[in-house]
Amino acid sequence: ARERERKRKMGSDASASADAGRAERDGGVRADGERAAGRGGATRERVVLGIDEAGRGPVLGPMVYAAAACPVSRRAELVELGFNDSKLLTPQVRDKLFTALHESGFLAPYVESISAEELSAQMLSREHVSLNQISHRAAISLVKRALADGLEIEHLYVDTVGDPARYERILQDALAGLPVQCITVSTKADAKYPIVGAASVVAKVTRDRALQSWDFQEQRRGAPALSRDFGSGYPADPVCKAWLRTFIDPIFGFTSLVRFSWATARTLLDKHAVAVAWAADEPSDDCDVVSAKRSVCLGAATRGAAAPRSLPVTAFFGPLPVLRKPASSSTRHRPHRPQVWATRQLSPS
């Protein structure tokens, strides 16, 4: 009996040693996105990588891009987990799959979160950056991060934004010469390919949790409490619309949760925000001819009407004093400027 036990242990040790040798030889993807080193740090197991996003359409919150990597040899296990388009799954199922992905030991998630502030800054900049361009850059960044971890991508699957063929060409050009063997960009890729479904779940759960625990920076400056009852964040949502109308500041507009570049936000600002004109490099008698990206001439203050004596800015920052434009001894003609001058700006810190 003792001899049988000794042989059994020897067999178990040999099996474990062989498994360890295969793991060392083939490498593996850990759930934290790092790679297990192969022999000599050179040999790596090839993976499939899927990319999808969440929050492209909402007027509130970040747009989250996510990637998921899976060793080619373990694609069957990925299918068994049951990943699919996150929009077709209940929140409970998404959370369960999100946990399973992180605990799997062989799937590696990557996330790129583009804040509402960053989206607005790029889309309203002098050199306008479209939402599709921002999406393309996020996807390329995710691929390069995976490659930097030592992964060799056998097949890259991406859920498209815009024309799939054009998006595929953009990715091929950006990733030329890198270890990415094949690229497929497709509509509804999250429902067609489980690896994209996994990325879809990561993106959706990451965004949902960010909104649930959102930290309103404005409240750190002593502002009144801001309601979290903002609905889904989509422009067509009545709850979201009501929240935007309620929490609009006449000078500073919205909180950092809101994408100023969305038409829904711009329309509310046009209707309810105080008129402000930003000085241009070249003064003009007519504010309307100044580039819209550099001048906003709205409301009575820019139409010759008397400016209000005080502006109660209470939503975020408390009452804000108003300075009058200093009188000048010069008699030469000066272009019209509104008589309302804000004395401080929203700090990015």
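Definitions and limits used
- Residues numbered from 1 in each chain as written.
- Predicted model: local features only at pLDDT ≥ 70, side-chain atom pairs only at ≥ 80, totals over all residues.
- Heavy atoms only, no water.
- Helix = DSSP H or I, 4+ residues; strand = E, 2+ residues; numbered from the N terminus.
- Pairing = 2+ DSSP bridges.
- Axes fitted to C-alpha atoms, helices over the stretch in contact; angles between N-to-C directions.
- Contact = heavy atoms within 4.5 Å.
- Phe/Tyr/Trp six-rings, centres within 6.5 Å; stacked < 30°, edge-to-face > 60°.
- Buried < 20%, exposed > 50% of the residue type's maximum accessible area, 1.4 Å probe, protein only.
- Lys NZ or Arg CZ within 6 Å of the ring centre and 35° of its normal.

Peer 1: Teacher, can you tell me more about unusual backbone geometry here?
Peer 2: Among all residues save glycine, negative phi is the norm, and among peptide bonds the norm is trans. Located in the positive-phi region is Lys188, a residue other than glycine, with phi close to 55 degrees. For Lys188, the position within the fold is in the loop between β7 (183-186) and α7 (189-192).

Peer 1: Just checking my understanding: could you explain the sheet that holds β7 for this structure?
Peer 2: Where strands meet in a sheet, backbone hydrogen bonds hold them as pairs that are either parallel or antiparallel. If you walk across this open sheet you meet the 5 strands as β5-β4-β3-β6-β7, and the pairing is mixed. What marks the edges here is a single partner per strand, and that holds for β5 (108-114) and β7. On average, adjacent strands in this sheet sit at an angle of 15 degrees to one another, irrespective of strand direction. Bridge analysis of strand β4 (residues 63-71) against β5 gives 7 bridges, and the strand direction is antiparallel. Each bridged residue has a counterpart across the sheet, and for Ala67 the counterpart in β5 is Tyr110. Seen against the sheet, helix α6 (residues 164-174) touches β4, β6 (152-159) and β7 and runs at an angle of roughly 150 degrees to β7.

Peer 1: In this structure, what is going on with the packing of aromatic side chains? I would like to understand it.
Peer 2: Between two aromatic rings, the relevant description is the distance of the centres plus the angle of the planes. Per the counting criterion, the structure on display carries 5 aromatic pairs. Aromatic pair Phe254 and Phe260: ring centres 5.8 Å apart, planes at 75 degrees, arrangement edge-to-face. For Phe254, a relative accessible area of 2% gives the class buried. Members of the aromatic cluster, joined through ring pairs, are Phe216, Phe230, Trp243 and Phe247. The cationic tip of Arg259 hangs over the ring face of Trp262; the distance from NZ or CZ to the ring centre is 4.8 Å.

Peer 1: Would you mind showing me how to read the environment of Ala203 here?
Peer 2: Inspection of the secondary structure puts Ala203 in helix α8 (residues 194-212). Judged by its relative accessible area of 0%, Ala203 is buried. Considering only alpha carbons, one finds Ala203 and Ile51, 152 residues apart in sequence, at a separation of 9.2 Å. Those residues in contact with Ala203, other than ones at most four positions away along the chain, are Asp52, Glu53, Ala54, Val64 and Ala66.

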